[in-house]
Amino acid sequence: MEIKLLVNLSKLFWSILNSKSLLFFGLFLMFGVFGYAQPIVSVTTTESSPTNATSFGITITFSEPVDSFVEADIIVTNGVTSNFIGSDGDSIYTVDISPIADGTVTVDIPAGVAVATTGGLPNLLLIPSFTLVYDATPPGILISAPSADPTSGGPVSYTVTYSGESSISLSDDDIVLNPTGTAAASSASVSGSAGSTRTVTIGGITGDGTLGISLAAGTASDDAGNTASAAGPSATFLVDNTAPSGYTVLINQDPINGGNETAVSFTFTAAEIGATYNYSFSSTGGGIPVTGSGTVAGPGQTISGINLSGLGD
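I will try to describe carefully the structure that is included in this document. On a predicted model such as this, the values are computed, not experimentally measured, just so you know. (Residues numbered from 1 in each chain as written. Predicted model: local features only at pLDDT ≥ 70, side-chain atom pairs only at ≥ 80, totals over all residues. Heavy atoms only, no water.)

Looking only at helices and strands, the chain has 2 helices and 22 strands in total. Sorting the 313 residues of the chain into buried and exposed places 30% on the buried side. At a minimum sequence separation of 6, the contacts of the chain that also span at least 24 residues come to 61%. Here the chain has roughly 17,200 Å² of accessible surface; of this, 57% comes from carbon and sulfur atoms. (Helix = DSSP H or I, 4+ residues; strand = E, 2+ residues; numbered from the N terminus. Buried < 20%, exposed > 50% of the residue type's maximum accessible area, 1.4 Å probe, protein only. Contact = heavy atoms within 4.5 Å. Areas by Shrake-Rupley, 256 points an atom, 1.4 Å probe, with all protein chains shown as cover.)

Cis geometry is found at the peptide bond from Ser49 to Pro50, where omega equals 5 degrees. Mapped onto the elements of the fold, Pro50 is located in the loop between strand 1 (41-44) and strand 2 (56-67). For the bond from Gly154 to Pro155, the omega torsion is 0 degrees, close enough to zero to count as cis. If you trace the backbone, Pro155 turns up in the loop between strand 9 (140-143) and strand 10 (156-163). In this structure, Asn83 is a non-glycine residue whose phi angle is positive, near 55 degrees. Of note, Asn83 is situated in strand 4 (residues 79-85).

A few words now on the sheet that holds strand 17 (residues 237-239). Read from one edge of the open sheet, 3 strands run 12-15-17, paired in antiparallel fashion. Looking along the sheet, the strands with just one partner apiece sit at the ends: strand 12 (175-181) and strand 17. Each strand axis lies, on average, 35 degrees off the axis of its neighbour in the sheet, ignoring direction. (Pairing = 2+ DSSP bridges. Axes fitted to C-alpha atoms, helices over the stretch in contact; angles between N-to-C directions.)

Our next topic: the sheet that holds strand 8 (residues 130-134). Within a sheet, neighbouring strands are paired by backbone hydrogen bonds and run either parallel or antiparallel to one another. Spatially, 3 strands are ordered 3-6-8 in an open sheet, and the strand pairing comes out antiparallel. Where the open sheet ends on each side, the last strands, each with one partner, are strand 3 (75-77) and strand 8. Each strand of the sheet is rotated relative to its neighbour by a mean of 15 degrees, with strand direction disregarded. When strand 6 (residues 103-108) meets strand 8, the two strands line up antiparallel, connected through 5 bridges. Paired with Thr106 across the two strands is Thr131, which belongs to strand 8.

Attention shifts here to the side chain of Ser234. Note on placement: Ser234 falls in the loop between strand 16 (220-221) and strand 17. The exposure class assigned to Ser234 is buried, which follows from its relative accessible area of 12%. Not counting the four nearest positions on each side in its chain, Ser234 is found in contact with Ile143, Tyr158, Gly212 and Ile213.

Turning our attention to the packing of aromatic side chains. A full pass over the atoms with the stated rule returns 12 aromatic pairs. A centroid spacing of 5.9 Å and a plane angle of 85 degrees characterise the contact between Phe62 and Tyr93, whose relative ring orientation is edge-to-face. With a gap of 31 residues between them, Phe62 in strand 2 and Tyr93 in strand 5 (residues 90-99) connect regions that are remote in the sequence. In this structure, Phe62 and Tyr93 share a single accessibility class: buried. Here the aromatic rings of Phe268 and Tyr277 are separated by 5.5 Å at their centres, their planes lie at 55 degrees, and the arrangement is tilted. For the pair Phe268 and Tyr277, a shared accessibility class is recorded, and that class is buried. (Phe/Tyr/Trp six-rings, centres within 6.5 Å; stacked < 30°, edge-to-face > 60°.)

Next up on the list: the nonpolar core. Proteins that are soluble and globular tend to have nonpolar side chains buried together. Ranked by internal contacts, the top residues of the largest apolar core, which has 23 residues, are Ile58, Ile60, Phe62, Phe69, Ile74, Ile97 and Ile109. Broken down by secondary-structure element, the contributors of at least two residues to this core are strand 1, strand 2, strand 5, strand 6 and strand 8. Each residue touching Ile74, except ones within four places of it in the same chain, is listed here: Ile60, Phe69, Thr81, Phe84, Val95, Val107, Asp108 and Ile109. (Core = buried A, V, L, I, M, F, W, Y, C linked by side-chain atoms within 4.5 Å.)

What follows concerns the environment of Pro233. Relative to the helices and strands, Pro233 resides in the loop between strand 16 and strand 17. The spacing of Pro233 and Leu177 is 56 residues in sequence and 9.1 Å in space, taken between C-alpha atoms. Excluding residues within four positions of it along the chain, Pro233 makes contact with Asn178, Ile213 and Ser214.

Below, the discussion takes up the side chain of Asp73. Looking at the secondary structure, you find Asp73 in the loop between strand 2 and strand 3. According to the relative accessible area criterion, Asp73 is buried, its value standing at 16%. Residues within four places of Asp73 in sequence aside, it is in contact with Ser68, Asp108, Pro110 and Val113.

Here it is in structure tokens:
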């Protein structure tokens with residue numbers, strides 16, 4: 001009996017080395033002794049990817065009942081496990097995954113962490129790894145500076161730029177005007193439908209003060225279901241419909257003569273900052289009038305460097 005057994009083992013060894021028997025040897029390793037197979041594992045979820053869910057469930061399914069599979073055997077990158085359900089002799093296990101940060105959540109089941117209830121063979125490695133993208137960041141919104149500042153009647157526009165969005169739903173009803181003083185507007189409208197930018201135009205502007213805008217929440221969303229937060233307030237623009245008054249202007253050279261005619265200046269008193277000024281110097285002695293204009297930068301501003309040498313005496 002012992003001699004016969006040694007002969008049979010020797011024959012098996014040499015048959016394995018025979019290239020024609022490699023297929024049989026591979027099947028022998030895969031299906032094991034007495035026809036038992038190593039359990040194959042898969043992972044599924046009903047959650048879509050990307051997701052903004054703070055926790056989602058996965059189902060771990062083995063091709064046959066297994067023993068010794070526990071929560072600690074589940075390897076998660078960018079997430080933590082909880083609520084593990086399953087016990088020895090089960091083929092289906094469930095567990096919840098809570099993502100840690102935006103990015104890809106990966107679940108791996110290593111080889112050999114569970115053994116088949118019947119036959120005792122270890123499970124095969126999960127291939128490929130289970131992955132799902134977590135995204136909890138809402139779309140961003142940037143409101144530009146106003147197109148005009150100051151203005152008396154407008155229109156004045158803002159460019160609204162979105163980032164990270166998959167759809168934009170900004171409408172006229174989402175625009176909130178932020179007035180000060182008596183400034184007001186009769187219209188605020190949205191234009192544009194392509195790309196990531198929209199234009200908000202403010203029209204029918206009246207009164208005196210400032211105007212700006214804010215945007216309501218929910219004007220855009222992304223693939224994970226995040227919606228944009230409210231945006232604003234924007235930078236404001238000055239609304240001025242009152243003519244300047246109460247100011248005086250003094251020419252600083254008196255008289256103007258050959259000694260100072262190339263460097264004439266004048267100074268405002270109580271001028272309205274932001275008002276536009278225009279000046280013109282002429283002479284009864286002839287010559288082309290000297291003109292200029294600008295914007296008042298301060299209530300006592302001096303305008304200098306005016307050359308009147310081209311005017312007659």
